[in-house]
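Single-letter residue listing:
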Amino acid sequence: MNSQINDLLFRLLDETPNAFGVFDSNNQLLYCNANMASVFGLSRQQAKGLTHRELMRNAYSSGLGVRIDSEDFEQWINDVESRQRLDPVRTFESGLMNGEWLKITQVTIDNHLVLIGTNITELKDTEARLRAALEELSDVANTDVLTNAANRRHFFNRAGEELARAQRYQHPLCLMLLDIDYFKQVNDLFGHHAGDQVLQFFARFYENGLRKIDFFARLGGEEFVVLLPETQLHDAMTLANRLRKQLALQSIYTMPEEQKIQITVSTGVSQFEGSGDSVQTLLSRADEALYRAKAHGRNCCEAAAPWPAAG
Ligand SMILES: Nc1nc2c(ncn2[C@@H]2O[C@H](COP(=O)(O)OP(=O)(O)OP(=O)(O)O)[C@@H](O)[C@H]2O)c(=O)[nH]1
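Worth saying up front: this structure is predicted, and the values here are computed from it rather than measured.

### Thoughts on the overall build of the chain
When its secondary structure is counted, the chain shows 11 helices and 12 strands. Scaling as 2.2 N^0.38, a compact globule of 311 residues should have a C-alpha radius of gyration of about 19 Å, whereas the chain reaches 33 Å, well beyond that. C-alpha extents for the chain along the principal axes are approximately 100 × 50 × 35 Å. Expressed as a percentage of contacts within the chain between residues at least 6 apart in sequence, the contacts between residues at least 24 apart total 54%. Summing over all exposed atoms, the chain offers an accessible surface of approximately 17600 Å²; the carbon and sulfur share of this is 52%.

What follows is the structure, encoded as structure tokens:
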């Protein structure tokens, strides 16, 4: 009866998709199923009687088995084996050299070490696909569809972070609010499709003219914003004027009509004034300066008054 059950159990272990092995108190392999032997790149007959270390070394030198995070195999195996029997049950995930993943459970019973490896490659692949999809979703949620620039939502998240950093380290931070002049006329004269291409050109033009640490976003319509970390108001104004003048010299040719369009921009610039200032107050001071720029005839830059307003 007992031997019949033993027989059934061994046959069952050979049928299971899991890898299964038993080592004695000297870490010598007493039994393994075919799946466990194949992890080490051996047949069952070849594997039997070898120690855990010999099996691992054999796999390592044939470029098989688990991926190890060390240049020094002997030191790595010493480290692994010193922890192997510390707890009665240990579970961890291991990547294999062939790209597969195993969840390994080590159980110590009566000085014997039982290893059970469950193939979790599909789970890992699904996990990676899910992570990539989430990243893509986050990109979509943060990107303006027309211009590919960061959108309003992304701007507010980033502005909050930059403001906190400026506050904590007492670093300068400026904000540039940009509004294309007479944009309605572009749509009216050349059509909405041409207007869209002008917005795309404008976004590319500013993104190319800024530093890597600056942050450009489309707030909506023909209104854009730039965060300028580590920048004093005077330098932000110099930059704003340089880009404004360069933009006025550009000719935008629409497709497929090849109509030539020229645009100008009005800019309001505010700077972070310390505690009590917020994204909203920075924006509204830049907006007030932008309003003055428009009132002064457009195609110009105005700096916001200090905050709290003097007097
Ligand atoms: N083509 C296109 N037009 C847009 C888009 N979003 C907003 N607009 C247009 O942008 C125009 C903005 O017009 P206004 O707010 O009157 O401003 P403006 O003509 O630029 O005048 P000023 O700002 O005062 O110089 C409107 O005609 C909107 O329809 C867009 O995604 N594509």
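What follows continues from the structure just given.
### Here we look at the packing of helix α7 (residues 152–169) against helix α11 (residues 279–295)
Interhelical geometry of α7 versus α11 gives an angle of 105° and a closest axis separation of 10 Å. Taken together, the axes of α7 and α11 are roughly perpendicular relative to one another. Residues Phe-155, Phe-156, Ala-159, Gly-160 and Leu-163 of α7 pack against Val-279, Gln-280, Leu-282 and Leu-283 of α11. Grouping the constituent residues of the contact of α7 with α11 by class yields seven nonpolar, two polar and no charged.

### Regarding the environment of Leu-173
The topology assignment puts Leu-173 in strand β6 (residues 173–180). Judged by its relative accessible area of 2%, Leu-173 falls in the buried class. Sequence spacing of Leu-173 and Glu-230 is 57 residues, and the spatial spacing of their C-alpha atoms is 5.5 Å. Filtering out sequence-adjacent residues up to four positions away, Leu-173 remains in contact with Glu-162, Leu-163, Ala-166, Leu-228, Pro-229, Thr-231, Ser-270, Gln-271, Phe-272 and Leu-282.

### A few points about the sheet that holds strand β1 (residues 19–23)
Across the sheet, five strands lie side by side as β2-β1-β5-β4-β3; this open sheet has antiparallel pairing. Every interior strand has two partners, whereas the edge strands, β2 (29–32) and β3 (89–95), have only one. When the angles between neighbouring strand axes are averaged without regard to direction, this sheet yields 20°. Here β1 pairs with strand β5 (residues 112–119) via five bridges, running antiparallel. Note on β5: the bridge partner recorded for Val-22 is Val-114.

### Overview of α7
With 18 residues, α7 extends 26 Å between its outermost C-alpha atoms, agreeing within 8% with the 26 Å of an ideal straight helix rising 1.5 Å per residue. When we look at burial in α7, the residues that qualify are Phe-155, Ala-159, Glu-162, Leu-163 and Ala-166. Projection of α7 onto a plane perpendicular to its axis shows the buried side chains occupying an angular sector of 105°, all on one side. Gln-170 occupies a position one or two residues after α7 and carries a positive phi of about 55°.

### Focus on the UniProt feature "domain: GGDEF" (unreviewed entry) in the chain
Per the UniProt record, "domain: GGDEF" (unreviewed entry) is annotated on residues 171–306. Counted over residues 171–306, helix gives 43% and strand 26%. Its end C-alpha atoms are 16 Å apart.

### Focus on the pairing of strand β4 (residues 101–109)
Pairing of β3 with β4 involves seven bridges; the strand directions are antiparallel. From the neighbouring strand, Thr-91 faces β4, where its bridge partner is Thr-105. Here β3 hands over to β4 after five residues, with Gly-99 in that stretch at a positive phi of 95°. Counting the residues in the hairpin turn of β4 and β5 gives two residues, including Asp-110, whose phi is positive at 45°.

Conventions used here
Residues numbered from 1 in each chain as written. Predicted model: local features only at pLDDT ≥ 70, side-chain atom pairs only at ≥ 80, totals over all residues. Heavy atoms only, no water. Helix = DSSP H or I, 4+ residues; strand = E, 2+ residues; numbered from the N terminus. Rg over C-alpha atoms; globule rule 2.2 N^0.38 Å. Contact = heavy atoms within 4.5 Å. Areas by Shrake-Rupley, 256 points an atom, 1.4 Å probe, with all protein chains shown as cover. Axes fitted to C-alpha atoms, helices over the stretch in contact; angles between N-to-C directions. Parallel < 35°, antiparallel > 145°, perpendicular 65-115°, else oblique. Nonpolar A, V, L, I, M, F, W, Y, C, P; charged D, E, K, R; others polar. Buried < 20%, exposed > 50% of the residue type's maximum accessible area, 1.4 Å probe, protein only. Pairing = 2+ DSSP bridges. Expected span 1.5 Å × (residues − 1). Arc of directions from axis to C-beta. UniProt positions renumbered as here; feature names shortened; annotations may be inferred.

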